[in-house]
Amino acid sequence: MPLSRDDVLAAREAVRGRVHRTPTFTSATLSRQSAASVFLKAELFQRTGSFKVRGVLNKLGSLSAEERSRGVIGASAGNHAQALAYGAAVEGLDCLVVMWQTASEQKIEATRGYGAAVDLEAEGPAVVFDRLAELVDETGRTLVHPFDDPLVAAGQGTVALELAEDVPGLDTIVVPVGGGGLLTGIAAGFDGRIVAVEPERSQALHAALAAGSPVPVPPESIADGLNAPFAGTLALEACRERGIETVLVSEDEIADGVRFLYERAKLACEAAGAAATAGLLSGRVPFSEGETIGVIVSGGNIAAQTASGILAGR
């Protein structure tokens with residue numbers, strides 16, 4: 001059964017008071033450039049540094065006593081990992097997160113800092129879900145999927161509710177996409193135009209739409225938060241039902257987005273968090289004069305060395 005707006009409204013009640021209502025800023029520069037009204041939804045100021053905690057807390061709140069007793073497990077490049085570790089600590093649950101050996105060291109350490117155990121047996125994102133399946137079978141832990149779970153996606157959709165309330169007359173939301181949990185939630189929570197932005201070097205959603213079902217892709221983008229090895233079935237269904245537009249942005253365009261948000265909007269975001277902005281800044285996202293556009297700045301978990309390299313143009 002498709003995710004509904006009622007699911008997103010229920011998620012808002014479930015996480016109320018447990019997540020930040022993140023600010024929405026105008027962008028005069030993007031508005032002038034596009035002849036539209038552009039607003040930035042700053043989810044980098046969310047707990048754990050990204051929107052991911054919304055979905056995690058909604059999912060954890062639904063677990064039975066038996067599911068809680070088994071502990072929880074998830075897989076992630078870092079943002080879902082940190083959100084799950086944080087949420088499990090808040091809920092008093094034992095937590096194991098499957099990451100991969102080349103994941104951001106900053107995100108690995110932050111995940112451990114929230115109290116989770118981290119498994120690093122997977123060599124890369126292409127095999128991390130195989131390792132996850134092994135550990136689910138071995139440990140019996142309750143899976144909290146990073147994107148292809150209705151409760152997780154409904155929690156992510158609360159971003160759209162806030163953005164629409166903060167921006168009366170909102171026409172369009174531009175969304176960064178990895179596995180598609182945020183996209184799925186926003187499609188359920190917002191009935192206007194939606195544009196999904198993916199890196200050229202991490203095309204899980206594009207590949208799924210072309211194939212008609214989720215297929216594996218080699219995710220290699222600088223936007224590590226979007227490096228999902230496949231897109232979720234929920235996101236694919238949402239795209240089919242809603243006619244969601246999809247665009248690709250290059251690595252250079254993502255880096256330009258990071259620099260723009262840092263220099264002009266004073267938002268120190270990660271590369272994944274800049275992908276939606278890159279879509280608009282580069283002109284890849286088509287728009288109409290006078291359109292009111294909300295852009296999701298989805299996270300800010302970036303290592304200082306990585307940030308300095310991008311900002312210096314290297």
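Structural data are supplied above this passage.
Residues numbered from 1 in each chain as written. Predicted model: local features only at pLDDT ≥ 70, side-chain atom pairs only at ≥ 80, totals over all residues. Heavy atoms only, no water.

Chemist: Would you take a moment to explain the nonpolar core for this structure?
Modeler: For soluble globular proteins, the rule of thumb is that nonpolar side chains tend to be buried together. Among the nonpolar cores identified, the biggest contains 37 residues, and Leu60, Val72 and Leu84 are the most heavily contacted of them. If we skip the residues at most four places from it in the chain, Val72 touches Leu60, Leu63, Leu84, Ala88, Leu93, Asp94, Cys95, Leu96, Arg141, Thr142 and Val144. Counting residues in hydrophobic clusters, the runner-up holds 34 residues, among them Leu44, Val197, Leu226 and Leu280. (Core = buried A, V, L, I, M, F, W, Y, C linked by side-chain atoms within 4.5 Å. Buried < 20%, exposed > 50% of the residue type's maximum accessible area, 1.4 Å probe, protein only. Contact = heavy atoms within 4.5 Å.)

Chemist: Hey, could you run me through helix H13 (residues 251-263) in this one?
Modeler: An α-helical segment advances 3.6 residues per turn. Residues three or four places apart therefore align on the same side. Taking 1.5 Å per residue as the helical rise, H13 with its 13 residues ought to reach 18 Å, and the 18 Å between its terminal C-alpha atoms agrees with that figure. Restricting attention to buried positions, one finds in H13 the residues Glu251, Glu253, Ile254, Ala255, Gly257, Val258, Arg259, Phe260 and Leu261. (Helix = DSSP H or I, 4+ residues; strand = E, 2+ residues; numbered from the N terminus. Expected span 1.5 Å × (residues − 1).)

Chemist: Honestly, the environment of Gly180 in this entry has me stumped. Any pointers?
Modeler: For Gly180, the position within the fold is in the loop between strand S7 (172-176) and helix H10 (181-189). For Gly180, a relative accessible area of 4% corresponds to the buried category. Through-space distance from the C-alpha of Gly180 to that of Phe147 is 6.0 Å; in sequence the pair is 33 residues apart.

Chemist: Explain the side chain of Thr184 to me, please; I cannot follow it from the model alone.
Modeler: The topology assignment puts Thr184 in helix H10. Here Thr184 is in contact with Leu3, Ala153, Leu234, Ala235 and Ala238, once residues within four sequence places are set aside.

Chemist: Just checking my understanding: could you explain the pattern of salt bridges for this structure?
Modeler: Opposite charge on two side chains lets them pair, provided their charged atoms get close. A full pass over the atoms with the stated rule returns 23 salt bridges. For Glu162, the salt bridge identified is with Arg54, shortest N-O distance 3.0 Å. Remark: Arg54 occurs in helix H3 (residues 52-60) and Glu162 occurs in helix H9 (residues 158-166); sequence separation between them is 108 residues. The class of Glu162 is buried, set by a relative accessible area of 8%. For Asp119, the salt bridge is made with Arg131, and the minimal N-O distance between the two is 2.8 Å. Taken together, the residues span a long stretch of sequence, with Asp119 in strand S5 (residues 117-122) and Arg131 in helix H7 (residues 125-139) at a distance of 12 residues. According to the relative accessible area criterion, Arg131 is buried, its value standing at 18%. What you see here is one network of salt bridges that share partners, running through Arg12, Arg21, Glu165 and Asp166. (Salt bridge = Lys/Arg side-chain N within 4 Å of Asp/Glu carboxyl O.)

These values are about where atoms sit, not about what they do.
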